[in-house]
Amino acid sequence: MSSKLPAAFVEKMNDLLGTDQIEPFMASYDQPRAFGIRVNTAKISIEDFKQCATFAIQPVPWAPEGFYYEEGVRPGKHPYYHAGLYYIQEPSAMAPVQLLDVKPGERVLDLCAAPGGKSTQIAAKLQGEGVLVVNDNHSDRVKALVKNLELFGVRNAVVLNEKPERMIPVFRGYFDKILIDGPCSGEGMFRKEEDMMSSWERHSVEQCSLMQRELLVQAAQMLAPGGRIVYSTCTFSPEENEAQIAAFLDGHEEFEVVPVRDFEPGRPDWLRAPWVDPCAFSPRAVEAVAGTARLWPHRLKGEGHFAAVLRRAPASAGRAADERPAAAAAQPPAAGKRSGREALRQGKGRAEPPRAAVSLEPLRAFEKELLRGEPYGAAQLVCYGEHAYASPAGLPELHGLKVVRPGWYIGALHRGRFEPSHALAMGLRMSEAKRALSFAIQDGRALRYLKGETLEVAESEIVRDPAGSGSAKGYCLVGIDGHPVGWGKWNDGMLKNEYPPGWRWT
Ligand SMILES: C[S@@+](CC[C@H](N)C(=O)[O-])C[C@H]1O[C@@H](n2cnc3c(N)ncnc32)[C@H](O)[C@@H]1O
């Protein structure tokens, strides 16, 4: 496919890479690309996944949860995919979140998140603890983002469809970690998606550079002192990579580049004419971009990427008290002291959404009958109209923002009944359901369930809570090999299928 590359792109890469590198670089376009999956470690350990994987996998060196699979395997056509045990992701795309160094309990923002590849990776690293805010300004792409988070069983994510500048007053200084995987000219993806070549001509490098510059400045305002930003692109152009980081450093003295050692270094020598004004940057900035990272398709098994890790200096003692105002002011009263279940009983939630008219009784009855333990943790119940969500504790008021999901979608309260959501099923563990049914993967009913069929199920197959009512009748959490995939309703030897039509195996 090297012959199809845009001539202007080839010319520029020739100039940048020089005679040594251009040949292997161009040759990479005629070689097969690498395919990857990333294990959802919030649902299954890497060791257990390796034991149960039904196709050959090899580790991706830079991501402990990442594995290569062979071309021709269709990992999306597997019940474990429907159980959210892994995400199909291009291997180089796993690097930025690895560099973000997310720890359970942190507040993390994925600013340009759709369709959610990196958001699901962050969610797995958070292990259900802390707050994940994911945003994308494109309303259609946000739908795929929501679906991927639900498939992954993420409990602590808030999904926004906003312009970043509108998020700043709400989240100023709030986040510990921010990922900016922004729009870019996509030069690194030409081998994977040939369509990117025609859009490269439309979405010029210059246009993308302007958006990226804004995103960096906006993200910086939402980062807490001592916090970390990872800026990543899937393009080669220095204007969108080293030049963005150098310009940002010159405008933000409180930031520094944390050098990345695992990949080839960024190229300070590419901050030159004709692509970049060489006089535009300070020596500090030019030197610092050597600590950024470049992933080259001819040097590793993956597509082209760039990543930079930026650290904000910790607050000085005098300034510490007035940082993170949004979070401190908006903390729900006594959050952390009151359990999620108590908050729910008291109908606590954020002020903005209309919720007064909805009775929570049917949800409470469902919880008593079906749920074990405290699956909502310290989250707070929020009702938007008839829809109930468990919203992560410690969020600021989301006043005025376009909120697509204020938290884990629990279900709908409608005409005195409660209908549990698919997202609730996907986020639960089998042990958290008082009535459950797990098909072995070899059982033909596993696939038939995913196809939406009504199934014959003996009463003895429904696992019930010894302390519960003992009845097998009603909603039950359905799993495959012990991993939830959805709801069913059992009655008299038959399981009515509640697997959502849009998710079915076709
Ligand atoms: C490279 S894609 C993100 C891919 C995603 N991180 C993943 O791993 O699945 C860039 C995204 O940025 C979004 N975007 C573009 N401009 C934006 C802006 N100003 N604010 C927020 N999102 C933006 C686009 O809609 C697009 O979905």
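Everything numeric here is computed off the predicted structure, so don't read it as measured data. Residue indices follow the written sequence of each chain, beginning from 1 at its first position. In view of the model being predicted, local features appear only for residues whose pLDDT reaches at least 70, and side-chain atom pairs are presented and counted only at 80 or more, with totals across whole chains, interfaces and linings using the full set of residues.

(A) How the structure looks around the sheet that holds strand β3 (residues 66-69). Pairing is antiparallel in the open sheet, where four strands are placed in the order β2-β3-β1-β4. Of all the strands in the sheet, just β2 (57-59) and β4 (86-88) have a single pairing partner and so form its edges. The sheet shows a mean angle of 35° between the axes of neighbouring strands, taken without regard to direction. When DSSP finds two or more bridges between a pair of strands, those strands are recorded as paired. Helix and strand definitions follow DSSP, with helices as H or I runs of at least four residues and strands as E runs of at least two, each counted in order from the N terminus. With four bridges connecting them, strand β1 (residues 35-39) and β3 associate as antiparallel partners. Each residue of the ladder has a partner; that of F35, found in β3, is Y69. A fitted line through C-alpha atoms represents every axis, and for helices the fit uses only the stretch in contact; the resulting angles, taken between N-to-C directions, go from 0 to 180 degrees.

(B) Summary view of the UniProt feature "active site" (unreviewed entry) in the protein chain. According to UniProt, the positions carrying the feature "active site" (unreviewed entry) are C234. As for its placement among the helices and strands, C234 is situated in the loop between β9 (223-233) and α10 (242-251). Note on burial: count the other C-beta atoms lying within 10 Å of the residue's C-beta; 20 or more is buried, 12 or fewer is exposed, in between is partly exposed, and C-beta positions come from the backbone. We classify C234 as buried; it has 25 C-beta atoms within 10 Å. Residues are defined as contacting one another if the C-beta atoms placed from their backbone atoms lie within 7 Å. If near-sequence neighbours (up to four positions away) are discounted, C234 is found in contact with C184, G186, G188, M189, E303, G304 and H305. UniProt positions are given in the numbering used here, feature names are shortened, and annotations may be inferred rather than shown by experiment.

(C) Structural detail: unusual backbone geometry. In the segment running from A114 into P115, the intervening peptide bond is cis, with an omega of 5°. Among the secondary structure elements, P115 is positioned in the loop between β5 (107-110) and α5 (117-126). With an omega of 5°, the peptide bond running from A273 to P274 counts as cis. Examined against the element boundaries, P274 turns out to sit in the loop between β11 (264-265) and α11 (283-288). The backbone of D101 sits at a positive phi, close to 60°, despite the residue not being glycine.

(D) The arrangement of the site of the ligand in detail. By definition, a residue lies near a molecule or strand provided its backbone-derived C-beta atom is within 6 Å of it. Close to the ligand lie 20 residues, the nearest being C112, G117, K118, H138 and D181. Of all the secondary structure elements, the ones that give two or more residues to the shell around the ligand are α5 and α9 (205-221). Under the convention adopted here, Pro, Cys and the residues Ala, Val, Leu, Ile, Met, Phe, Trp and Tyr are nonpolar, Asp, Glu, Lys and Arg are charged, and Gly plus all remaining residues are polar. For the shell around the ligand, the per-class residue count stands at 10 nonpolar, six polar and four charged.

(E) Up close: the pairing of strand β17 (residues 408-414). Among the seven residues in β17, five count as buried, and that is most of the element. Bridging between β17 and strand β18 (residues 417-420) involves four bridges; their strand directions are antiparallel. Each residue of the ladder has a partner; that of G411, found in β18, is P420.

(F) Structural context of the sheet that holds β17. Taking strand neighbours across the sheet as the criterion, the four strands line up as β14-β15-β17-β18 in an open arrangement whose pairing is antiparallel. At either end of the open sheet lies a strand with only one pairing partner, and these are β14 (380-384) and β18. Each strand axis lies, on average, 30° off the axis of its neighbour in the sheet, ignoring direction. Here four bridges tie strand β15 (residues 387-391) to β17, and the two strands are oriented antiparallel to one another. Looking at the pairing, Y389 lines up with Y409 of β17.

(G) Main features of the environment of P268. Within the element layout of this structure, P268 appears in the loop between β11 and α11. For P268, a count of 20 C-beta atoms within 10 Å translates into the label buried. A C-alpha to C-alpha distance of 42 Å links P268 and G153, two positions 115 residues apart in sequence. Not counting residues within four places of it along the chain, the set of residues in contact with P268 comprises E242, V286, E287, V289 and A290.

(H) Representation of the packing of α5 against helix α6 (residues 139-151) in the model. Between α5 and α6, the shortest axis-to-axis distance is 9 Å and the interhelical angle comes to 30°. As summarised for this structure, α5 and α6 are arranged roughly parallel, according to the angle between their axes. Here α5 and α6 pass one another in a crossing that is right-handed. Here α5 contributes S119, T120 and A123 to the contact with α6, which in turn contributes L145, N148 and L149. For the contact of α5 with α6, a count of residues per class yields three nonpolar, three polar and no charged. Angles below 35 degrees are treated as roughly parallel, those above 145 as roughly antiparallel, those between 65 and 115 as roughly perpendicular, and all remaining angles as oblique. Two helices crossing with the near one rotated counterclockwise from the far one by less than a right angle form a left-handed crossing, whereas a clockwise rotation gives a right-handed crossing.

(I) Inspection of the pairing of β5 at higher detail. Burial along β5 is two-sided: the face carrying R107 and L109 and the face carrying V108 and D110 are both buried. Where β5 lies against strand β6 (residues 131-135), four bridges are found, and the strand directions are parallel. By the bridge assignment, R107 is partnered in β6 with V131. Here a crossover is taken to be right-handed if, once the strands point away from the viewer, the path from the first strand over the helix to the second is traced clockwise. With α5 bridging β5 and its parallel neighbour β6, the resulting β-α-β unit is right-handed. By the bridge criterion, three bridges tie β5 to strand β8 (residues 175-181) in an arrangement that is parallel. Of the residues in β8, the one forming a bridge with V108 is K177.

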